[in-house]
Amino acid sequence: MIGIYGVLSFLVSKRTREIGIRMALGAQRRDVLLLIIKEGAKFSFVGVVLGVAGAFGVTRLLASQLYAVSATDPFTYAAVAIAMTVVTLLACYIPARRAMRIDPLVALRYE
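Remember, predicted model here, so these are calculated numbers, not experimental data. (Residues numbered from 1 in each chain as written. Predicted model: local features only at pLDDT ≥ 70, side-chain atom pairs only at ≥ 80, totals over all residues. Heavy atoms only, no water.)

A. Representation of the nonpolar core in the model. Core analysis: the largest hydrophobic core is formed by 10 residues, namely Val12, Ile19, Met23, Val32, Leu33, Ile36, Cys92, Ala96, Ala99 and Met100. Contributions of two or more residues to this core are made by helix H2 (16-24), helix H3 (29-57) and helix H5 (74-100). Ranked by residues supplied to this core, first place goes to H5 with 4 residues. Aside from chain neighbours lying at most four places away, what touches Ile36 is Val12, Arg15, Ile19, Cys92 and Ala96. (Core = buried A, V, L, I, M, F, W, Y, C linked by side-chain atoms within 4.5 Å. Buried < 20%, exposed > 50% of the residue type's maximum accessible area, 1.4 Å probe, protein only. Helix = DSSP H or I, 4+ residues; strand = E, 2+ residues; numbered from the N terminus. Contact = heavy atoms within 4.5 Å.)

B. Region of interest: the pattern of salt bridges. What the rule picks out here adds up to 4 salt bridges. Of the charged contacts in the structure, one is a salt bridge between Arg15 and Glu39, with a shortest N-O distance of 2.3 Å. With a gap of 24 residues between them, Arg15 in the loop between helix H1 (2-13) and H2 and Glu39 in helix H3 connect regions that are remote in the sequence. Looking at Glu39, the relative accessible area reads 30%, which means it is partly exposed. Two residues, Glu18 and Arg22, come together in a salt bridge whose shortest N-O distance is 3.0 Å. Taken together, the residues Glu18 and Arg22, both in helix H2 and 4 residues apart, mark about one turn of the helix. According to the relative accessible area criterion, Arg22 is partly exposed, its value standing at 36%. Linked through salt bridges whose partners overlap, the residues forming this network are Arg15, Glu18, Arg22 and Glu39. (Salt bridge = Lys/Arg side-chain N within 4 Å of Asp/Glu carboxyl O.)

C. Main features of the packing of aromatic side chains. For the structure shown, the criterion picks out 1 aromatic pair. Between Phe56 and Tyr77, the ring centres sit 4.7 Å apart and the planes meet at 10°, which makes this aromatic pair stacked. Of this pair, Phe56 sits in helix H3 while Tyr77 sits in helix H5, and the two are 21 residues apart along the sequence. Given the relative accessible area of 44%, Phe56 is considered partly exposed. A residue is classified by how much of its surface remains accessible, and Tyr77, at 17% relative accessible area, is buried. (Phe/Tyr/Trp six-rings, centres within 6.5 Å; stacked < 30°, edge-to-face > 60°.)

D. Quick peek at the packing of H1 against H5. Between H1 and H5, the least distance of the axes is 8 Å, while the angle of their chain directions is 30°. With respect to each other, H1 and H5 are oriented roughly parallel. Judged by the twist between their axes, the crossing of H1 over H5 is right-handed. When H1 is examined against H5, the residues Ile4, Tyr5, Leu8, Ser9, Val12 and Ser13 are found in contact with a partner set consisting of Met84, Val87, Thr88, Leu90, Ala91, Cys92, Ile94, Pro95 and Ala96. Here the contact of H1 with H5 is composed, by residue class, of 12 nonpolar, 3 polar and no charged. (Axes fitted to C-alpha atoms, helices over the stretch in contact; angles between N-to-C directions. Parallel < 35°, antiparallel > 145°, perpendicular 65-115°, else oblique. Left-handed = near helix turned anticlockwise from the far one by under 90°. Nonpolar A, V, L, I, M, F, W, Y, C, P; charged D, E, K, R; others polar.)

Have a look at this one:
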């Protein structure tokens, strides 16, 4: 989860200039934040779907390694999917909010 947070946080922070341009052209903070959160949600959805499919694919291999839980325990799958979604959305929200606080002119001179 730390790796996912780091990568997504880096990708959003690289968009500081784009966020500054959008803000300078009159975009509202809420609109920019929703744009970035939507993109993060897409990453999260694709990752969770692929992860659950992959986990179901290797259940026979993992079944011998698990103790006191079945390889297809729905609570475990749901908990992990929710945790990954929350981390992904926070990884987009925190740097986007930080970038939106910057003055648009400063963001344009950022790089």
